[in-house]
Amino acid sequence: MKRIIILFLFVLYCTSNNSYCRNEIFTGASCQKDGRSMALGGGMMGIEQSDSSAIFLNCQLPYNLRELSIKSIKLTNPTKWMKLDVFWAQTGDAVFLENYLSLGASRYLSGSFMLGIKAGYYHYSLISDEKGGTLLSEINCSYKLYENFKIDIYIFNPTGSKINKGENDIPLYQSFHIGGLFSNTEKAEWLFEIEKVQQEKLIWHLGFEYAVWDTFILRTGLSANPLKPSWGIGGKFHRLKYSLGGNVHPVLGLSSCFTISYNW
């Protein structure tokens, strides 16, 4: 029954002349968030990063719906000139299946300024054999104002790509994110972010984490609109890292995410 409802809502969404493919479950930047990000309020700035070669395995369960679960894998590899990464995510089943694959490169242009660019491909398929896809792009940059304060900017789909669907292309939303990370001690870090999605209200994210030990980190956060409290834990065992996060939507209920990574 849930699958039929999801399929009906998607078809209705795509056939509306004024609708945007605003699927916050998967399409776009939301599929890249991990356990740390979810625990820290759900912003892009909270995503776990690595300065060494690493593999990240991630699983999201939005609103406890298996049909909407997101599985993803990310590989990062720093080279002499830049850091490269490959990302792939999938959600759905034979009724409604989505895939997103992206290739990215980032480099510090100075001691305090980093610029990153990604190119990706999004594809969906329905049980009715309807299919669609499009090329997407992402831009992110980071500037370190002080030793313990950094500002990040992230833009999803700056070119305004659309899903190819015959004569009636489906517009994909664009989103702009700006925020900062502040570390007042070696063990504590604060995060704030403002997110603006095309034709949507502003969304803000707040997060705080405290490292009790290297192996155990406490995290909490808040985001609005709508108001969603979040929480989680994380830690590191030698080269292995883990993070578990969750939040509660006032209407749709609980979402959770688990991420594990290995650095070498």
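Up top is the structure.
Notes on the structure in this doc start here. (Residues numbered from 1 in each chain as written. Predicted model: local features only at pLDDT ≥ 70, side-chain atom pairs only at ≥ 80, totals over all residues. Heavy atoms only, no water.)

**So, the overall build of the protein chain**
Tallying secondary structure elements over the protein chain gives two helices and 16 strands in all. Among the 264 residues that make up the protein chain, the fraction classed as buried is 46%. Partitioning the contacts of the protein chain with sequence separation of at least 6, the portion at a separation of at least 24 is 42%. Counting every atom, the protein chain has about 14100 Å² of accessible surface; 63% of that belongs to carbon and sulfur. (Helix = DSSP H or I, 4+ residues; strand = E, 2+ residues; numbered from the N terminus. Buried < 20%, exposed > 50% of the residue type's maximum accessible area, 1.4 Å probe, protein only. Contact = heavy atoms within 4.5 Å. Areas by Shrake-Rupley, 256 points an atom, 1.4 Å probe, with all protein chains shown as cover.)

**Digging into the side chain of Lys-33**
Here Lys-33 lies in the loop between helix 1 (2–15) and helix 2 (35–39). For the buried residue Lys-33, which engages in no salt bridge, the nearest side chain bearing the opposite charge is Glu-195, 4.4 Å off. Looking at Lys-33, its side chain comes within polar contact range of the main-chain oxygen of Gly-42, at 2.7 Å. With residues up to four places along the chain from it excluded, the contact list for Lys-33 reads Gly-42, Gly-43, Met-44, Ile-47, Asn-58, Gln-60, Glu-195 and Cys-257. (Lys, Arg positive; Asp, Glu negative; His and termini not counted. Salt bridge = Lys/Arg side-chain N within 4 Å of Asp/Glu carboxyl O. Polar contact = N/O pair within 3.5 Å; in protein donor to acceptor, adjacent residues only side chain to side chain.)

**A short note on the environment of Phe-56**
Inspection of the secondary structure assignment puts Phe-56 in strand 1 (residues 54–61). Its relative accessible area of 7% is what places Phe-56 among the buried residues.

**Quick word on the packing of aromatic side chains**
Overall, the coordinates contain six aromatic pairs when judged by the stated rule. Aromatic pair Phe-156 and Tyr-173: ring centres 5.8 Å apart, planes at 45°, arrangement tilted. One end of the pair, Phe-156, is in strand 7 (residues 149–156); the other, Tyr-173, is in the loop between strand 9 (170–171) and strand 10 (175–182), and 17 residues separate them in sequence. The buried category is assigned to Phe-156, whose relative accessible area is 1%. (Phe/Tyr/Trp six-rings, centres within 6.5 Å; stacked < 30°, edge-to-face > 60°.)

**A few points about the nonpolar core**
With 24 residues, the main nonpolar core has Tyr-100 and Tyr-124 as its most contacted residues. Of all the secondary-structure elements, those providing two or more residues to this core are strand 3 (83–92), strand 4 (96–108), strand 5 (113–126), strand 7 and strand 11 (188–197). The biggest single contributor to this core is strand 5, with three residues. (Core = buried A, V, L, I, M, F, W, Y, C linked by side-chain atoms within 4.5 Å.)

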